[in-house]
Amino acid sequence: VFLDWAMASNSMTPEAREIMAYLQKYNLADQLNVVVNKLCKKRSDDPFGFLASRLHNLAAPPVISKIEGREVLGTCATPTIEVDVHCKVDDNIKFIARGTTSLPPDGKVVSSPDAKRYRGLGVDGLVNGVSEVLQPQLGGIEPKSQAECDAALSKVAGAQSLGNRTINAASIAICKSAARLGEVECFTHVRSLMEDVKDPSFAIPRPMMQLIDCRGPGCNLFFRELLVFPLKSKSFKKQLEWCCTLHHQLGNVVSQRYGGTFKIPTKSGGYAPPVSDLSQVLKLIGEAADAGGLSLGEQIGLAISGEGGCWSAGYLVKQKEGLKSTEDMVKMYISTLKGSSAVHALIDPLAPTDLDGWAKLKIALMNDKGLSNIITITSDIPKSDLKKVEKAAGGASLDFAEFVTVSGAIKIAKAAKETKLVTLVSSSAEESHETFIADFAVGVGATFVKFGGAHGMQNIAKYNRLLQIESILD
């Protein structure tokens, strides 16, 4: 009433009228009256904290105000890009969160104008593109609107000064910013982005840890890698202990058998002993399990990751044996697996286009009582049609970086959950210290995670983050 009377008074100066108009525009008198009355009713011991929290709820939602990029080092000191998100919060510009990409260099994008920097792998060109291209696209958008932010990022994904690496880092930073502003854990925010998924419970995915890197120097196996994962449902802390114990014991066995040089893990964290037959590797792992007091086939199992290969021409397993047909490959896997009760999963055993071959392998495994519990997981069959994946395999591997944006990865993870596929969230070979993928895996309800071997801080940081999440959930 006083404001109305004052505005009608002819005695007010123009400045006073502006102030009164401002107070009326935002209904400040009424809002402050309500908050102060609530304070008096509660008689809080911290009146200013009470007022601050209530007034904060009336504030405008935080929006992105500034995007900054920088060059940091990833695996093997290879440069990658990190993006910082700053938001306007309570009328102040504040740094909120940062994200780092794990995507490999894109040959179509000139990431550095100086070809001599880091052997041509510098990303200073991408850093410049963050402020020049991303800033205008994202300014004023709320970080909690992940889909809107990712849509804006996708519009400029083809820009010569950006590339997928920059988009990936920015999308991660925005997701982490929304979680921090909402005062929730990142995995909780990721679950909220799943929309229709109502399950409020969380579970830590089981680790699939690399033991043997078949692409390493000296190793001459057709497969890509051999991994260990826990079979029994213990805490993640205990599961990780089992996997690390086997990894360390295997290093000792390999060193004793082939010399200390082969105890040095590869970039992805596994060992590369000079072997050419799977039975040799299984024997080494068996010795390591015995030394670590682990029951191979009961406590822990093995996963074999294949190379896929070129199906149209046939599969080349060994040069001297020539090309093998799909039927030959199915027979090879069945005969190989029958010789060991330790293997419980196959990842990419056949080419992605060989859908009939996948179906035949799945049926052959199901028809054999000793092999019916083996899971087949694909990382290459197009995720756009998960019904085909469901018919051909029992699970899908999701390399988060492959989908570039958080929204793109969540869309596929949600579809995989709806088709009841086993999901394996996998990190990239070009990993960095970024741990967002661990929160992502928990948020989307992944069955397994594959973060490399028990070596290198880029891998260990992700396992540590899962330990933190387990502690938070407990």
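Residues numbered from 1 in each chain as written. Predicted model: local features only at pLDDT ≥ 70, side-chain atom pairs only at ≥ 80, totals over all residues. Heavy atoms only, no water.

Novice: Please explain the overall build of the protein chain as it appears in this structure.
Specialist: Of regular secondary structure, the protein chain possesses 16 helices and 14 strands. Excluding contacts between residues fewer than 6 apart, the proportion of contacts in the protein chain whose partners are at least 24 apart in sequence is 64%. Summed over its atoms, the accessible surface of the protein chain is roughly 22,500 Å², and 53% of this surface lies on carbon and sulfur atoms. (Helix = DSSP H or I, 4+ residues; strand = E, 2+ residues; numbered from the N terminus. Contact = heavy atoms within 4.5 Å. Areas by Shrake-Rupley, 256 points an atom, 1.4 Å probe, with all protein chains shown as cover.)

Novice: Would you mind going over the sheet that holds strand 7 (residues 300-305) with me for this structure?
Specialist: Note on sheets: strands pair through backbone hydrogen bonds, and any given pair is parallel or antiparallel. Read across the open sheet, the nine strands follow the order 4-14-13-12-11-10-7-6-5; overall the sheet is mixed. Since the sheet does not close on itself, it has two edges, and those belong to strand 4 (206-207) and strand 5 (209-213), each with one partner. Summarising the sheet, strand 10 (residues 343-347) and strand 11 (residues 375-378) pair through three bridges and their orientation is parallel. Counterpart to Ile347 in the pairing with strand 11 is Ile377. Most of the contacts of helix 10 (residues 278-291) go to strand 6 (residues 225-230), to which it runs at about 35°, and overall it touches strand 5, strand 6 and strand 7. (Pairing = 2+ DSSP bridges. Axes fitted to C-alpha atoms, helices over the stretch in contact; angles between N-to-C directions.)

Novice: When you look at the confidence of the model for the protein chain in this model, what are you seeing that I'm missing?
Specialist: Detailed reading of predicted coordinates is not advised where the pLDDT is low. When pLDDT is averaged along the protein chain, the result is 85; 90% of the residues meet or exceed 70. Of all the helices and strands in the protein chain, helix 1 (residues 2-8) carries the lowest mean pLDDT, 58, while strand 4 carries the highest, 96. (pLDDT = per-residue confidence, 0-100.)

Novice: Teacher, can you tell me more about helix 16 (residues 457-473) here?
Specialist: One turn of an α-helix holds 3.6 residues; hence residues three or four places apart share an orientation. Taking 1.5 Å of rise per residue, 17 residues should cover 24 Å, and helix 16 covers 24 Å from first to last C-alpha, within 8% of that figure. The elements touched by buried residues of helix 16 are helix 8 (186-192), strand 4, strand 5, helix 9 (236-258), helix 15 (436-443) and strand 14 (448-450). (Expected span 1.5 Å × (residues − 1).)

Novice: Explain the pattern of salt bridges to me, please; I cannot follow it from the model alone.
Specialist: Pairs can form between side chains of opposite charge once their charged atoms are near each other. Per the counting criterion, the structure on display carries 19 salt bridges. We note a salt bridge from Glu82 to Arg98, for which the minimum N-O separation is 3.7 Å. In this pair, Glu82 is assigned in strand 2 (residues 79-89) and Arg98 in strand 3 (residues 92-100), connecting sequence segments 16 residues apart. The buried category is assigned to Glu82, whose relative accessible area is 7%. With a shortest N-O distance of 2.9 Å, Asp84 and Arg98 are connected by a salt bridge. (Salt bridge = Lys/Arg side-chain N within 4 Å of Asp/Glu carboxyl O. Buried < 20%, exposed > 50% of the residue type's maximum accessible area, 1.4 Å probe, protein only.)

Novice: Quick question: what am I supposed to make of the pairing of strand 6 here?
Specialist: On a regular strand, one side chain projects to one face of the sheet and the next to the other, so that they alternate. With respect to burial, strand 6 is a largely interior element, six of its six residues being buried. Both strand 5 and strand 6 contribute to a ladder of four bridges, which runs antiparallel. If you follow Ile212 over to strand 6, its bridge partner there is Leu226. By the bridge criterion, six bridges tie strand 6 to strand 7 in an arrangement that is antiparallel. Bridging across to strand 7, Leu227 finds its partner in Ala303.

Novice: How should I be thinking about unusual backbone geometry in this particular structure?
Specialist: Most of the time, phi is negative for any residue but glycine, and the peptide bond is trans. For Arg119, which is not a glycine, the phi torsion comes out positive at approximately 55°. Take Arg119: it is sitting in the loop between strand 3 and helix 5 (124-138). With a phi angle near 60°, Lys420 is a residue other than glycine that sits in the positive phi range. A residue is classified by how much of its surface remains accessible, and Lys420, at 74% relative accessible area, is exposed.

Novice: Looking at this structure, how should I read the side chain of Asn168?
Specialist: With respect to the secondary-structure elements, Asn168 resides in helix 7 (residues 164-181). Not counting chain neighbours up to four residues away, the residues in contact with Asn168 comprise Thr101, Ser102, Leu103, Phe400, Ala401 and Val404.

Novice: Is there a simple way to think about the sheet that holds strand 3 in this case?
Specialist: In space, the three strands of this open sheet follow the order 1-2-3, with antiparallel pairing throughout. Because the sheet does not close on itself, it has two edges, and the strands there are strand 1 (63-73) and strand 3. Shown here is a sheet whose adjacent strand axes are inclined to one another by a mean of 25°, direction ignored. Contacting strand 1 and strand 2, helix 5 crosses the sheet at an angle of about 170° to strand 1.

Novice: How should the packing of aromatic side chains be read in this particular structure?
Specialist: Here the distance between the centres and the angle between the planes together describe a pair of aromatic rings. Taken as a whole, this structure holds six aromatic pairs when the rule is applied. Taking the centre distance of 5.1 Å and the plane angle of 85° together, the rings of Phe187 and Phe202 count as edge-to-face. Taken as a pair, Phe187 in helix 8 and Phe202 in the loop between helix 8 and strand 4 lie far apart in primary sequence, 15 residues in all. Since its relative accessible area comes to 2%, Phe187 is described here as buried. Take Phe202: its relative accessible area is 25%, and that puts it in the partly exposed class. Measuring from centroid to centroid gives 6.4 Å for Phe436 and Phe440, while their planes differ by 40°, and the two rings are tilted. Taken together, the residues Phe436 and Phe440, both in helix 15 and four residues apart, mark about one turn of the helix. Both residues of the pair, Phe436 and Phe440, count as buried. The ring of Phe50 is capped by Arg54, whose NZ or CZ atom sits 4.1 Å from the centre of that ring. (Phe/Tyr/Trp six-rings, centres within 6.5 Å; stacked < 30°, edge-to-face > 60°. Lys NZ or Arg CZ within 6 Å of the ring centre and 35° of its normal.)

Novice: Would you take a moment to explain the packing of helix 9 against helix 16 for this structure?
Specialist: The relative placement of two packed helices is expressed as an angle between their axes plus a distance between the axes. It is the contact of helix 9 with helix 16, at a shortest axis distance of 9 Å, that shows an interaxial angle of 155°. In terms of their interaxial angle, helix 9 and helix 16 are classed as roughly antiparallel. Of the residues in helix 16, those in contact with Phe236, Lys237 and Leu240 of helix 9 are Tyr463, Leu466, Leu467 and Glu470. Per-class residue counts for the contact of helix 9 with helix 16 are five nonpolar, no polar and two charged. (Parallel < 35°, antiparallel > 145°, perpendicular 65-115°, else oblique. Nonpolar A, V, L, I, M, F, W, Y, C, P; charged D, E, K, R; others polar.)

Novice: Please clarify how the side chain of Arg165 should be interpreted in this entry.
Specialist: Tracing the backbone shows Arg165 in helix 7. Excluding anything up to four places from it in sequence, Arg165 contacts Pro79, Thr80, Ile81, Thr101, Leu103, Pro104, Pro105, Ser111, Val123 and Leu126.

Novice: Before we go on, may I ask you to explain the packing of helix 6 (residues 146-155) against helix 7 in this structure?
Specialist: Helix 7 packs onto helix 6 with a crossing angle of 165° between their chain directions and a minimal axis gap of 10 Å. As far as their axial angle goes, helix 7 and helix 6 are roughly antiparallel. The crossing of helix 6 and helix 7 is right-handed. On the side of helix 6, the interface is formed by Gln146, Cys149, Asp150 and Leu153, while helix 7 contributes Ile167, Ala170, Ser171, Ile174 and Cys175. (Left-handed = near helix turned anticlockwise from the far one by under 90°.)

Novice: What am I meant to see in helix 2 (residues 14-25) here?
Specialist: With twelve residues, helix 2 should reach 16 Å at 1.5 Å per residue; the first-to-last C-alpha distance of 16 Å fits that figure. Looking at the residues trailing helix 2, positive phi occurs at Asn27, about 50°.

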